Amino acid sequence: YVDATRRVLETGRAIRDGIGRIDGLRVIGNPLWVIAFTSDSVDVYRVLDEMTKRGWSLNGLQKPAAVHLCVTLRHAQPGVVEKFLADLKDSTDAVRGTPATGEGMAPVYGLASSLPFKGLVGDLMASYIDALYDA
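Per chain, residue numbering runs from 1 following the sequence as it is written. Residue-level local features of this predicted model are given only where pLDDT is at least 70; pairs of side-chain atoms are given and counted only at 80 or more, and the full residue set underlies all totals for whole chains, interfaces and linings. To get the side-chain values, take all heavy atoms of the structure and skip hydrogens and water.

Chemist: So what exactly am I meant to see when it comes to the sheet that holds strand 3 (residues 59-61) here?
Modeler: The strands making up a sheet associate through backbone hydrogen bonding, with each pair oriented either parallel or antiparallel. Ordered by their spatial adjacency, 4 strands build an open sheet running 1-2-4-3, and the pairing between neighbours is antiparallel. Of all strands in the sheet, those bounded by a partner on one side alone are strand 1 (26-27) and strand 3. The strands touched by helix 2 (residues 44-53) within the sheet are strand 2 (34-38), strand 3 and strand 4 (66-70), with strand 4 carrying the most contacts at an inclination of about 40°. Being paired, for any two strands, means DSSP has found at least two bridges between them. Working definition: helices are DSSP H or I runs of at least four residues, strands are E runs of at least two. Numbering for both runs from the N terminus. The contact criterion used is simple: two residues touch if any of their non-hydrogen atoms lie within 4.5 Å. Each axis is a line fitted through C-alpha atoms, taken for helices only over the stretch in contact, and angles between the N-to-C directions span 0 to 180 degrees.

Right, here's the structure in full:
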């Protein structure tokens, strides 16, 4: 247990520090293993979509618009940190270099954060998930 905890914390530190070196991204706070990042120059929800295309499962956050990753032992495997950071840099560069298409989760997060009646957010997300899995 102690070894696993050490590995998760070391991996979290490496990912946090690596995100901090990617132009345009900023880590929120001083996290240990649940790492959230945002940006003032690129749409982080589009970065989230790009990372999803590359096989990563990250989560979007609101207020501020951000993305987060919960570091686990799977991330502590050899080469995973380097692959994650390379994909994140490539995803950020891809978003910076192309206009928004209106596809993916970015428009959903943007709409949800702008609704005046927050109860609608849950309804919107439930409808979206229903539409995704409608056979």
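Chemist: I keep staring at the nonpolar core and nothing clicks. Help me out?
Modeler: What tends to happen in soluble globular proteins is that the nonpolar side chains get buried as a cluster. Within the largest apolar cluster, 25 residues are counted, with the highest numbers of intra-cluster contacts made by Ile15, Ile19, Leu25, Met51, Leu58, Phe84 and Leu88. Elements with a contribution of two residues or more to this core: helix 1 (2-20), strand 2, helix 2, strand 4 and helix 3 (80-97). When residues of this core are assigned to their parent elements, the largest contribution, 6 residues, is made by helix 3. Once residues within four sequence positions are removed from consideration, Met51 is found in contact with Trp56, Leu58, Phe84, Asp87, Leu88 and Ser91. Only buried residues count toward a nonpolar core, which is a set of Ala, Val, Leu, Ile, Met, Phe, Trp, Tyr and Cys residues joined through side-chain atoms within 4.5 Å. Exposure categories follow from relative accessible area, calculated using a 1.4 Å probe and restricted to protein chains: below 20% of the type maximum is buried, above 50% is exposed, and the middle band is partly exposed.

Chemist: I would appreciate a short explanation of the packing of helix 1 against helix 3 in the present structure.
Modeler: Relative orientation of the contacting elements helix 1 and helix 3 amounts to 20°, with a least axis distance of 10 Å. In this view, helix 1 runs roughly parallel relative to helix 3, as classed from their interaxial angle. The two elements helix 1 and helix 3 cross, and the hand of that crossing is right-handed. Here Thr11, Ala14, Ile15, Gly18 and Ile19 of helix 1 lie close against helix 3, whose contacting residues are Val81, Phe84, Leu85 and Leu88. All residues other than Ala, Val, Leu, Ile, Met, Phe, Trp, Tyr, Cys, Pro, Asp, Glu, Lys and Arg, Gly among them, are scored as polar; the first ten of these are nonpolar and the last four charged. Within the contact of helix 1 with helix 3, the residues separate by chemical class into 7 nonpolar, 2 polar and no charged. Roughly parallel means an angle under 35 degrees; roughly antiparallel, over 145; roughly perpendicular, 65 to 115; everything else is oblique. Left-handed describes a crossing in which the near helix is turned anticlockwise from the far one by less than a right angle; the clockwise case is right-handed.

Chemist: In this structure, what is going on with the side chain of Ser91? I would like to understand it.
Modeler: Among the secondary structure elements, Ser91 is positioned in helix 3. Sequence-distant contacts of Ser91, defined by excluding residues within four places in its chain, comprise Val47, Glu50, Met51 and Arg54.

Chemist: Can you help me understand helix 3 in this one?
Modeler: One turn of the α-helix equals 3.6 residues, which is why residues spaced by three or four share an orientation. To estimate the expected span of a helix, subtract one from its residue number and multiply by 1.5 Å. End to end, helix 3 covers 25 Å across 18 residues, agreeing with the expected 26 Å (1.5 Å per residue, within 8%). When helix 3 is considered as a whole, its buried residues turn out to be Val80, Val81, Phe84, Leu85, Asp87, Leu88, Ser91, Thr92 and Val95. Seen along its axis, helix 3 keeps its buried residues to an arc of 165°; they face one direction. Of the exposed residues in helix 3, the ones pointing more than 90 degrees away from its buried face are Glu82 and Gly97. To obtain the arc, one takes the directions from the helix axis to the C-beta atoms.

Chemist: Even after reading the chapter, I still don't get the pairing of strand 4, so can you show me in this structure?
Modeler: Note on strand geometry: in a regular strand, side chains alternate between the two faces of the sheet. The buried fraction of strand 4 is high, at 4 of 5 residues. Counting the residues in the hairpin turn of strand 3 and strand 4 gives 4 residues, including Lys63, whose phi is positive at 55°.

Chemist: What is the right way to look at the environment of Arg74 in this model?
Modeler: Topologically, Arg74 is positioned in the loop between strand 4 and helix 3. In the structure, Arg74 is positioned 63 residues away from Thr11 in sequence and 9.9 Å away in space, judged by C-alpha atoms.

Chemist: Even after reading the chapter, I still don't get the packing of aromatic side chains, so can you show me in this structure?
Modeler: One pair of aromatic rings is described through two measures. These are the centre distance and the angle between the planes. Note on aromatic pairs: the rings of Phe, Tyr and Trp (six-membered ring only in Trp) are paired at centre separations within 6.5 Å, and the planes decide the class, stacked below 30 degrees, edge-to-face beyond 60, tilted for the rest. Evaluation of the coordinates by the stated rule reveals 1 aromatic pair. With 5.1 Å between their ring centres and 85° between their planes, Trp56 and Phe84 make a pair best called edge-to-face. Remark: Phe84 occurs in helix 3 and Trp56 occurs in the loop between helix 2 and strand 3; sequence separation between them is 28 residues. Each member of the pair, Trp56 as well as Phe84, is classed as buried.

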